[in-house]
Amino acid sequence: MGKTLAEKVWDAHVVHRAAGEPDLLYIDLHLVHEVTSPQAFDGLRASGRPVRRPDLTLATEDHNVPTIDIDKPIADPVSRAQVEALRTNCAEFGVPLYSLGDAEQGIVHVVGPQLGLTQPGMTVVCGDSHTSTHGAFGALAFGIGTSEVEHVLATQTLPLKPFKTMAITVEGELPAGVTAKDVILAVIARIGTGGGQGYVLEYRGSAIRGLSMEGRMTICNMSIEAGARAGMVAPDETTFEYLRGRAHAPTGEEWDAAVAYWSSLATDDDASFDAEVVIDAASLSPYVTWGTNPGQGLPLSADVPSPDDAADEVERVAIERALEYMGLKAGTPLRDIQVDTVFVGSCTNGRIEDLRAAAEVLKGRKVADSVRMLVVPGSARVRLQAQQEGLDRTFIAAGAEWREAGCSMCLAMNPDKLAPGERSASTSNRNFEGRQGPGGRTHLVSPAVAAATAVVGRLASPSDLTAA
Amino acid sequence: MEKFTSHTGIAAPLRRSNVDTDQIIPAEYLKRITRHGFEDGLFAAWRKDPQFVLNQPEFADATILVAGPDFGTGSSREHAVWALQDYGFAVVLSSRFADIFRGNSGKGGLLAAQVDQSVIEQLWLAIEANPATQVTVDLVERQVRAEGITAPFEVDDYVRWRLLEGLDDIGITLQHADEISAFEHRRPAFAPVTIGT
Ligand code: SF4
């Protein structure tokens, strides 16, 4: 029987296999940031172990960093201590680091692909659950905890139990105005926050094939929000074109050898998945979340659900609690929900195409007076490119704030936060209670919906706007 | 790591589903660079409510947490495991755990034992009726026991072995150092490196 993409990548990385033990898998790329690494480096130091392959390891500063005044010392002492610990650790263990102010600094999941370090068929790990982003290249990429970070630093391997595989096939053409973010929000609403648990999801079908690499990254990024360990898309011409010429992509004969290998990775026709979900692309529309987990999403045209719609008691309580936290009444049209803040950024939607999509909507328009809008590029490189394209001028002319690169309001570890009770439309990936600041209320949206919402002051899609 | 064979203690009922790791320990506590002392961050937002279960004196010494389904979803932060342990928990019982949380637990020495939701409901009723109820989680027998309740729990065989033996992961892997080197020699020439190009 044939093999799936995930199984092929897995099998190509087995270092040691024995009955009754997890497979020991080799790790091709280990990405590191300041939050989940200090205790891992501490562990190495305590046991006198070196980093086995600093040349397969890359660190960047992203979670804590401020998005203004980056030439000044970080004001918050705790954030500063974490960032400084990363700098000391990288220097001591020989790990390359892109620090604040460097042209390659940025969110770890934006930096890897943009440097061409993330390639098809690789195993990629990082102490961050959104490592699933890199699966867009046909890499097996997943988040790990801090003791696994220490394990990979020390051994460049991880003991892992096989995952199950699930095909998510999105067939057909996406209607105009429907983006990768809407697709993944719809997938999660359909299968639930636990629906992907234990699985590697492989996104397939003509709608996925038709997406750019950046769109595929947005989708794979949020696989974790469906509970999955990883998400993948088979590499194809779109993948190769994206990689060609990037700093760490192979060249010459090595490029040809690589492409030949990458082309062999697609799931075999006679392979079978442990589970399958099929979604009709034509049925999709812009999606927004109304609740406090990413599975609580609906088409923008819908109304806030009622606890009475719940299938069971557990769900009824969950809806009730979400409505209370979100300060929403059942039956309210989603389009009537007013927001205070709009955040465009994160490893889900902080790449250049995302900024272009938001700028496109804002061109010749103004952010509503009642709204604060933050645009935070996913990396310093994305920021530079946006400036070269003049996107920054569009944002600033519309009244939005143009910031430096980092995770920012995606998780509010830096000063960019919601105040208690404040409501946001956010292009990030988590609408958990307090995620964007204690008491903050988050609606997850696409960059285009975020920008339209900023203009209207209520949840809106670009089709709600009159001509600029 | 200390060996874990069986544990008996007071159990706290957490009647919530989908307890994500942001609730277990909010992001602000992740800024620390030490490995211990995270007990103050455990369920920090919920603990502000005097009615919250961990604020009830009868559960002050709880060492077993009995939670609803989908415990530990969300961010991969291992601090969630450390916070539970630093607070004094040795075991979490739930009818379903998020994968990463379950993995992190096994590595850190916290037992994440999966039981049927009906067992969770029975335990909730028993503990709420009598908070002093002694609950035993027996890793050797893979069994949860309390007065009138005996139920099996699920735990990964490998995680169970490690917990029983108190073994550290890196040490186990480095027994295969030769195989790792051999694999490195087989890697394709086009595989990228982060230093140089
Ligand atoms: S942008 Fe958000 S989700 Fe992505 S790595 Fe940063 S904090 Fe995590």
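Up top is the structure these notes are about.
Criteria and cut-off values
- Residues numbered from 1 in each chain as written.
- Chains lettered and ligands numbered in written order.
- Predicted model: local features only at pLDDT ≥ 70, side-chain atom pairs only at ≥ 80, totals over all residues.
- Heavy atoms only, no water.
- Helix = DSSP H or I, 4+ residues; strand = E, 2+ residues; numbered from the N terminus.
- Buried < 20%, exposed > 50% of the residue type's maximum accessible area, 1.4 Å probe, protein only.
- Contact = heavy atoms within 4.5 Å.
- Areas by Shrake-Rupley, 256 points an atom, 1.4 Å probe, with all protein chains shown as cover.
- Lys, Arg positive; Asp, Glu negative; His and termini not counted.
- Charge placed at Lys NZ, Arg CZ, Asp CG, Glu CD.
- Pairing = 2+ DSSP bridges.
- Near = heavy atom within 4 Å.
- 1 Å grid on protein atoms, 1.4 Å probe; cavity = no way out; pocket = protein on both sides within 12 Å on 5 of 7 lines; lining within 4 Å.
- Sits in = over half its atoms within 2 Å of the grid points.
- Nonpolar A, V, L, I, M, F, W, Y, C, P; charged D, E, K, R; others polar.
- Buried area = accessible area lost by both parts, 1.4 Å probe.
- Salt bridge = Lys/Arg side-chain N within 4 Å of Asp/Glu carboxyl O.
- Core = buried A, V, L, I, M, F, W, Y, C linked by side-chain atoms within 4.5 Å.
- Expected span 1.5 Å × (residues − 1).
- Arc of directions from axis to C-beta.
- Polar contact = N/O pair within 3.5 Å; in protein donor to acceptor, adjacent residues only side chain to side chain.
- Points joined across faces, edges and corners; volume = space filled by probe spheres on them.
- Axes fitted to C-alpha atoms, helices over the stretch in contact; angles between N-to-C directions.
- Phe/Tyr/Trp six-rings, centres within 6.5 Å; stacked < 30°, edge-to-face > 60°.
- Disulfide = S-S within 2.5 Å.
- Patch = residues over 30% accessible without salt bridge, like charges linked within 9 Å, V, L, I, M, F, W, Y side chains within 5 Å.

A few words on the overall build of chain B. Within chain B, the secondary structure is distributed over eight helices and seven strands. Each principal axis of the C-alpha distribution contributes one length, and for chain B these read about 65 × 40 × 25 Å. Burial statistics for chain B: of 197 residues in total, 57% are counted as buried. In chain B, the proportion of contacts linking residues at least 24 apart, taken out of those at least 6 apart, comes to 68%. Accessible surface computed for chain B: about 8200 Å², of which carbon and sulfur atoms make up 49%. Treating the 18 positive side-chain charges of chain B as one cloud and the 28 negative ones as another, the clouds have centres 4 Å apart.

Attention now moves to helix α5 (residues 146-155) of chain A. Residues and elements named next belong to chain A. Across the 10 residues that make up α5, a large majority, 10, are buried. The set of residues buried in α5 consists of T146, S147, E148, V149, E150, H151, V152, L153, A154 and T155. Q156 occupies a position one or two residues after α5 and carries a positive phi of about 60°.

Read from one edge of the open sheet, five strands run β5-β4-β3-β6-β7 (chain A), paired in parallel fashion. On the outer flanks of this sheet lie β5 (97-98) and β7 (140-143) of chain A, each paired with one strand and no other.

A word on the site of the ligand. All names here are of chain A. Residues in close proximity to the ligand include H63, I107, H109, D128, H130, S346, C347, C407, C410, L411, N429 and R435, which together make up its full environment. More than half of the atoms belonging to the ligand lie within 2 Å of the grid points that define the largest cavity. Here the shell around the ligand is composed, by residue class, of five nonpolar, five polar and two charged.

Between chain A and chain B, the contact holds 75 residues from the first and 55 residues from the second. Between chain A and chain B, roughly 5200 Å² of surface is buried when both sides are summed, and carbon and sulfur atoms account for 57% of that area. Contact with chain B buries surface across chain A, with Q39(A), R52(A) and Q197(A) losing the most and accounting together for 11% of the total. Seen at the junction of chain A and chain B, the total is five salt bridges.

What follows is about the nonpolar core. A general tendency of soluble globular proteins is for nonpolar side chains to be buried together. Ranked by size, the top nonpolar core spans 114 residues in total, and within it F43(B), F71(B) and L84(B) carry the most contacts. Those residues in contact with F71(B) that lie beyond four places of it in its chain are L14(B), V19(B), I24(B), F43(B), L65(B), L84(B), V92(B), S94(B), R96(B), F97(B), A98(B) and F101(B).

This part is about helix α11 (residues 313-326) of chain A. Residues and elements named next belong to chain A. Its 14 residues place the ends of α11 20 Å apart at the C-alpha level, agreeing with the 20 Å of an ideal helix rising 1.5 Å per residue. Taken together, the buried positions of α11 are I319, A322, L323, Y325 and M326. One side of α11 carries all its buried residues, which in axial view fall inside an arc of 165°. Near the N-terminus of α11, the side chain that reaches the backbone nitrogen of V314, with its oxygen 3.2 Å away, is that of D312. Phi for G327, located one or two positions after α11, is positive at around 65°.

Glancing now at the layout of surface pockets. Looking at the largest pocket, its volume works out to about 800 Å³. Together, 32 residues line the largest pocket, and M1(B), R35(B), K107(B), G108(B) and G109(B) are the ones closest to its centre. Contributions of two or more residues to the lining of the largest pocket are made by α2 (38-47) and α5 of chain A together with β1 (6-14), α3 (79-87), α4 (99-108), α6 (157-165) and α7 (169-174) of chain B. The leading source of residues in the lining of the largest pocket is α5(A), at four residues.

Time to look at the sheet that holds strand β2 (residues 23-26) of chain A. In a beta sheet, neighbouring strands are held together by backbone hydrogen bonds and run either parallel or antiparallel to one another. Residues and elements named next belong to chain A. Reading across from one edge, β1-β2-β8 is the order of the three strands in this open sheet, with antiparallel pairing throughout. In the strand order of this sheet, the two ends are held by β1 (14-16) and β8 (157-160), each with one partner. Averaged over all neighbouring strand pairs, the angle between strand axes comes to 40°, with direction disregarded. Note that β2 and β8 share four bridges and pair antiparallel.

A few words on the packing of aromatic side chains. Here a ring pair, both rings aromatic, is described through the centre-centre distance and the interplanar angle of the planes. Evaluation of the coordinates by the stated rule reveals 19 aromatic pairs over all chains. Ring plane angle 75° and centroid distance 5.8 Å describe the contact between F142(A) and F163(A), whose orientation is recorded as edge-to-face. Of this pair, F142(A) sits in strand β7 while F163(A) sits in the loop between β8 and β9 (164-171), and the two are 21 residues apart along the sequence. F163(A) matches F142(A) in its accessibility class, with the two residues each being buried. When the centroid spacing of 5.8 Å and the interplanar angle of 65° are considered together, the rings of F43(B) and F52(B) count as edge-to-face.

Residues and elements named next belong to chain A. Burial along β7 is two-sided: L140 and F142 and A141 and G143, pointing in opposite directions, are all buried. As defined by bridge partners, strand β6 (residues 123-126) adjoins β7 across four bridges and the pair is classed as parallel. Within the sheet, the bridge partner assigned to C126 lies in β7 and is G143.

With the rule as written, the count across this model stands at zero disulfides over all chains. Its sulfur unpaired, C126(A) is 9.6 Å from the next cysteine sulfur, which belongs to C347(A).

This next bit is on the pattern of salt bridges. The final tally for this structure, using the stated rule, is 37 salt bridges over all chains. Residue D156(B) pairs with K161(A) through a salt bridge whose shortest N-O separation is 3.2 Å. One end of the pair, D156(B), is in the loop between β7 (149-152) and α6; the other, K161(A), is in the loop between β8 and β9, on a second chain. Take D156(B): its relative accessible area is 25%, and that puts it in the partly exposed class. The closest approach of N and O atoms between D157(B) and R142(B), which form a salt bridge, is 2.6 Å. With D157(B) in helix α6 and R142(B) in the loop between β5 (134-138) and β6 (143-146), this pair connects stretches of sequence that are 15 residues apart. For D157(B), a relative accessible area of 51% puts it in the exposed group. For R142(B), a relative accessible area of 25% puts it in the partly exposed group. In the salt-bridge network here, residues are joined through shared partners; they are K3(A), D11(A), R17(A) and D23(A).

The subject of this paragraph is the environment of N18(B). Looking at where N18(B) falls in the secondary structure, it is placed in the loop between β1 and α1 (21-24). Taking the C-alpha atoms as reference points, N18(B) and A83(B), 65 residues apart in sequence, are found 18 Å from one another. Non-local contacts of N18(B), meaning those with residues more than four positions away in its chain, are made with T193(A), N293(A), P69(B), D70(B) and T73(B).

Looking now at a negative patch on the surface. Residues and elements named next belong to chain A. There is a patch of like negative charges on the surface, built from D308, D309, D312 and E315. One can find D309 in the loop between β14 (297-299) and α11. We classify D309 as exposed; its relative accessible area is 55%.

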